[in-house]
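Listed here are the chains, written in short residue letters.
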Amino acid sequence: MKKTAVVILFALPVMVMANTFETKIEARQTAFSGIETGLESIDDLIDGRNTDWQEMSNVSQTLVAHGNTLETAFPNGSKEGSKAKSDIWDKPEKFNSLLNKMVVSFDQLSLASQNEDSKMAKNALKQAESTCRSCHRSYRSRW
């Protein structure tokens, strides 16, 4: 086997992994942007009297999907090129706990939408926003 072929055989898995990590980073950036937009929409939709519950349900389901995406979007090795602090990978317990808390609040928003319960929706929104702020303070390295 030629030297060039050996180098290619060893470099190919690294290139594939880098591409996979780039995809994960893009997926989580898309999810976080969608979450920001979705939470703003939910905030605008909740008024308690004339709430468009169908739209609330649609937006909350999108938030749930984004949350589910994030649960698998931080694999080991995907730190390079990320805006996230290394603590996500070095000490993942708190991060995973906050991520789970966010996903639970999105599930609560979805349930509130199905039940047309504005009080529950407002509480779930407040919890989601609080979790987002806490996570950003702890794990986002650049704004």
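Use the structure listed above.
Below or above, wherever it landed, is the structure these notes cover.

**Some words on helix α5 (residues 118–139)**
- The first and last C-alpha atoms of α5 sit 31 Å apart over 22 residues, in line with the 32 Å expected at 1.5 Å per residue.
- Restricting attention to buried positions, one finds in α5 the residues Ser-118, Met-120, Ala-121, Ala-124, Leu-125, Ala-128, Thr-131, Cys-132, Ser-134, Cys-135, Ser-138 and Tyr-139.
- Capping of α5 at its N-terminal end is provided by Asp-117; its side-chain oxygen lies 3.2 Å from the backbone amide nitrogen of Lys-119.

**Description of the packing of helix α4 (residues 92–115) against α5**
- Between α4 and α5, the least distance of the axes is 8 Å, while the angle of their chain directions is 160°. Judged by the inter-axis angle, α4 sits roughly antiparallel to α5. The crossing of α4 and α5 is left-handed. Touching Lys-94, Phe-95, Leu-98, Lys-101, Met-102, Ser-105, Phe-106, Gln-108, Leu-109, Leu-111 and Ala-112 of α4 are Met-120, Ala-121, Ala-124, Leu-125, Gln-127, Ala-128, Thr-131, Cys-132, Ser-134, Cys-135, Ser-138 and Tyr-139, all from α5.
- A breakdown of the residues in the contact of α4 with α5 according to their chemical character gives 15 nonpolar, 6 polar and 2 charged.

**Some words on a negative patch on the surface**
- A surface patch of negative charge is lined by Glu-36, Glu-40, Asp-43 and Asp-44.
- On the secondary structure map, Asp-43 appears in helix α1 (residues 3–45).

**Section: the packing of helix α2 (residues 53–70) against α4**
- Where α2 contacts α4, the two axes come as close as 8 Å, and the packing angle between them is 160°. Relative to α4, the element α2 lies roughly antiparallel. Crossing hand, α2 versus α4: left-handed. Taken together, the residues of α4 that come into contact with α2 (itself represented by Trp-53, Met-56, Ser-57, Ser-60, Gln-61, Leu-63, Val-64, Gly-67, Asn-68 and Leu-70) are Leu-99, Met-102, Val-103, Phe-106, Asp-107, Leu-109, Ser-110, Ala-112, Ser-113 and Gln-114.

**Let's talk about the layout of surface pockets**
- Approximately 630 Å³ is the volume found for the largest pocket.
- Elements with a contribution of two residues or more to the lining of the largest pocket: α1, α4 and α5.
- Considering each element in turn, the lining of the largest pocket owes the most residues, 10 residues, to α1.
- Residues of the lining of the largest pocket, tallied by class, amount to 15 nonpolar, 5 polar and 8 charged.

Thresholds applied
- Residues numbered from 1 in each chain as written.
- Predicted model: local features only at pLDDT ≥ 70, side-chain atom pairs only at ≥ 80, totals over all residues.
- Heavy atoms only, no water.
- Helix = DSSP H or I, 4+ residues; strand = E, 2+ residues; numbered from the N terminus.
- Expected span 1.5 Å × (residues − 1).
- Buried < 20%, exposed > 50% of the residue type's maximum accessible area, 1.4 Å probe, protein only.
- Polar contact = N/O pair within 3.5 Å; in protein donor to acceptor, adjacent residues only side chain to side chain.
- Axes fitted to C-alpha atoms, helices over the stretch in contact; angles between N-to-C directions.
- Parallel < 35°, antiparallel > 145°, perpendicular 65-115°, else oblique.
- Left-handed = near helix turned anticlockwise from the far one by under 90°.
- Contact = heavy atoms within 4.5 Å.
- Nonpolar A, V, L, I, M, F, W, Y, C, P; charged D, E, K, R; others polar.
- Patch = residues over 30% accessible without salt bridge, like charges linked within 9 Å, V, L, I, M, F, W, Y side chains within 5 Å.
- Areas by Shrake-Rupley, 256 points an atom, 1.4 Å probe, with all protein chains shown as cover.
- Salt bridge = Lys/Arg side-chain N within 4 Å of Asp/Glu carboxyl O.
- Lys, Arg positive; Asp, Glu negative; His and termini not counted.
- Charge placed at Lys NZ, Arg CZ, Asp CG, Glu CD.
- 1 Å grid on protein atoms, 1.4 Å probe; cavity = no way out; pocket = protein on both sides within 12 Å on 5 of 7 lines; lining within 4 Å.
- Points joined across faces, edges and corners; volume = space filled by probe spheres on them.

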